[in-house]
Amino acid sequence: MTRRPLACVILAAGKGTRMKSDLPKVLHRVAGRPMIGHVLAAVGALDPDHVVVVVGPGMEDVAASVAPYPTAVQERQLGTADAVRAAFGLLEGFPGDVLVLYGDTPLVTPQTLRAMVEARAQASDPAVVVLGMRPADPGAYGRLILDGRGGLEKIVEYLDATPEERAVGLCNAGLMAFDGPRMIGLINRIGNDNAKGEYYLTDVVQIARAGGHACAVVEGDDQEVIGVNARTELAEVEALLQRRLRRAAMDNGATLADPGTVYFSFDTRLGRDVVVGQNVVFGPGVAVGDRVEIKPFCHLEQVTVSSGAVLGPYARLRPGAVIGPDAHIGNFVEIKNATVEAGAKVNHLTYIGDARVGAKANIGAGTITCNYDGFGKYRTDIGAGAFIGSNSSLVAPVSVGAGAIVGAGSVVTQDVPAESLAVARGRQQSYPGWAADFRDRKRLEKAKKG
Ligand code: UD1
Ligand code: CA
């Protein structure tokens with residue numbers, strides 16, 4: 001069977017007043033990605049022929065975030081039906097199915113979207129398929145009113161519903177699949193005679209039915225279509241997505257010592273037999289190879305970790321950190337924009353920034369790469385097998401050659417040749433007997449005074 005063409009319209013023009021935010025609602029992040037990005041990813045999995053995001057005037061940041069998908073501007077927020085109208089330019093004459101989604105329901109899955117499109121093909125040839133759900137607390141969701149034969153009769157918004165209608169548990173999740181050729185005519189007949197004075201997309205059902213067209217419901221998981229209107233719902237959605245991501249990590253062969261304390265980003269990739277300790281946070285852009293051990297309290301963002309490496313406890317890997325195979329990054333170590341090559345050890349209390357640490361090099365406790373002078377950033381290059389003594393400062397730009405040794409406590413400002421020793425600190429002086437003489441003198445002074 002050849003697939004019908006598919007267009008997707010994502011509504012994101014609402015002001016999101018209840019978020020009490022300067023940021024447009026759909027740009028608030030869930031698992032490190034704006035909500036609208038999650039919706040677009042779900043939509044993208046269906047390989048649609050057209051996608052358009054409806055935004056409000058001045059929402060350039062939303063347009064930039066969804067690029068290269070195009071946007072259509074809804075000039076005034078007159079309701080969800082008016083928002084779909086803003087996309088009509090792209091839908092005129094479109095012969096396929098049109099999915100309408102809300103930008104504030106980030107947990108929707110491709111499976112559910114596919115079920116909606118498939119339901120469009122049923123024998124009754126519904127003009128509209130609506131996604132329904134039965135949440136434990138139906139709250140202020142619109143209610144789906146069925147006819148006696150399981151078809152959809154109408155949708156009533158909560159504010160306009162009678163007590164009997166409010167008692168209905170089946171709610172409008174907000175997703176609809178339309179028959180493209182019939183859609184524009186039906187939506188153009190929607191008015192705004194209701195409690196909010198808005199053009200409700202939901203009224204399309206009653207209009208379709210009055211015109212003799214069937215309407216259908218597909219029931220989905222209520223957690224998948226939680227609409228984020230306020231920060232509490234944002235937190236709820238975040239928690240649900242974290243549960244999904246933890247489960248996926250374990251299904252793919254990672255051990256999480258205490259799953260509820262590990263936080264993932266939407267794009268975190270873990271290899272096989274990775275072990276993640278308690279209280280680990282993965283920011284966006286992290287890829288971890290096989291058999292890596294991440295001990296408790298590590299924080300990683302935009303980093304690549306190769307197989308067999310050991311991290312933490314308490315390691316902070318910042319953007320641009322590349323950790324080679326079997327390398328060790330220990331406690332209270334910060335790595336930023338630096339490559340730590342195979343088998344190197346950076347075990348204690350160290351900052352490595354804008355640097356390369358060669359294979360099997362050993363970086364002593366308290367080593368600092370001094371990479372910033374208040375104006376520019378400079379690089380430090382440490383050769384393979386080098387040994388940096390504890391509490392050394394490497395003042396970049398500087399290099400330490402392969403196999404060289406830097407004495408503990410050095411402040412290295414000049415390049416160190418390979419295989420050599422560099423010591424850069426005050427020379428030690430010892431004065432035999434000085435301490436005992438000093439104490440005797442002080443005691444004598446005290447006795448005289450007393
Ligand atoms: C909507 C549904 C309700 C459903 C609920 C599910 C309508 C009239 N009501 O209510 O039946 O139970 O979602 O979450 O559709 N938007 C625009 N332009 C506008 C108005 C809204 O683009 O003029 C966008 C918003 O940015 C948002 C989406 O449409 O992404 C939904 O709008 P919202 O105001 O959140 O609708 P709800 O009151 O939640
Ligand atoms: Ca909403």
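Shown above is the structure to which this text applies.
So, here is what we can say about the structure in this document. (Residues numbered from 1 in each chain as written. Chains lettered and ligands numbered in written order. Predicted model: local features only at pLDDT ≥ 70, side-chain atom pairs only at ≥ 80, totals over all residues. Heavy atoms only, no water.)

On to the coordination of the calcium ion (ligand 2). For the calcium ion (ligand 2), the protein coordination sphere consists of Asp 104 (OD) and Asn 229 (OD1), at 2.6 to 2.7 Å. Placement of Asp 104 in the loop between strand 6 (97–102) and helix 5 (110–120) and of Asn 229 in the loop between strand 11 (215–219) and helix 9 (231–251) is noted, with a sequence separation of 125 residues between them. Overall, Asp 104 belongs to the buried group, its relative accessible area being 12%. (Donors = N, O, S within 2.8 Å, 3.2 Å for Na, K, Ca; no water. Helix = DSSP H or I, 4+ residues; strand = E, 2+ residues; numbered from the N terminus. Buried < 20%, exposed > 50% of the residue type's maximum accessible area, 1.4 Å probe, protein only.)

We now examine helix 5. Quick reminder: α-helices carry 3.6 residues per turn. Residues three or four places apart thus point the same way. Regarding helix 5, the residues found buried are Pro 110, Thr 112, Leu 113, Met 116, Ala 119 and Arg 120. Against helix 1 (35–44), strand 6, strand 7 (128–133), strand 10 (171–179), helix 7 (180–187) and strand 11 lie the buried residues of helix 5. (Contact = heavy atoms within 4.5 Å.)

Okay, the packing of aromatic side chains next. Going through the model one piece at a time under the given rule, you end up with 4 aromatic pairs. Residues Tyr 314 and Phe 332 carry aromatic rings whose centres are separated by 5.0 Å and whose planes lie at 15° to one another, so their mutual orientation is stacked. Taken as a pair, Tyr 314 in the loop between strand 20 (310–311) and strand 21 (315–317) and Phe 332 in strand 23 (residues 328–340) lie far apart in primary sequence, 18 residues in all. Here the aromatic cluster, defined as three or more aromatic residues joined through ring pairs, consists of Phe 297, Tyr 314 and Phe 332. Against the face of Tyr 199 rests Arg 85, its NZ or CZ located 5.2 Å from the ring centre. Here the basic side chain of Lys 377 rests over the ring of Tyr 372, its NZ or CZ set 5.1 Å away from the ring centre. (Phe/Tyr/Trp six-rings, centres within 6.5 Å; stacked < 30°, edge-to-face > 60°. Lys NZ or Arg CZ within 6 Å of the ring centre and 35° of its normal.)

What follows is about the site of ligand 1. Taken together, 22 residues lie near ligand 1, and Gly 14, Gln 74, Tyr 102, Glu 157 and Asn 172 sit nearest. A distance of 2.7 Å separates an oxygen atom of ligand 1 from a polar atom in the side chain of Tyr 102. Summarising the interface, the protein chains cover 90% of the accessible area of ligand 1, which totals 750 Å² for the free molecule. Of all the secondary structure elements, the ones that give two or more residues to the shell around ligand 1 are helix 3 (80–85) and strand 10. For the shell around ligand 1, a count of residues per class yields 9 nonpolar, 10 polar and 3 charged. (Near = heavy atom within 4 Å. Polar contact = N/O pair within 3.5 Å; in protein donor to acceptor, adjacent residues only side chain to side chain. Areas by Shrake-Rupley, 256 points an atom, 1.4 Å probe, with all protein chains shown as cover. Nonpolar A, V, L, I, M, F, W, Y, C, P; charged D, E, K, R; others polar.)

Formed by 60 residues in total, the largest nonpolar core has its most connected members in Phe 282, Leu 300, Val 305, Leu 317, Ile 323, Ile 329 and Ile 335. Considering each element in turn, this core owes the most residues, 6 residues, to helix 9. Built from parts of two domains, this core gets at least three residues from each of domain 1 (6–225) and domain 2 (254–422). Formed by 37 residues, the second largest nonpolar core is a distinct cluster that contains Val 54, Leu 91, Val 98 and Met 176. (Core = buried A, V, L, I, M, F, W, Y, C linked by side-chain atoms within 4.5 Å. Domains from an automatic or database assignment.)

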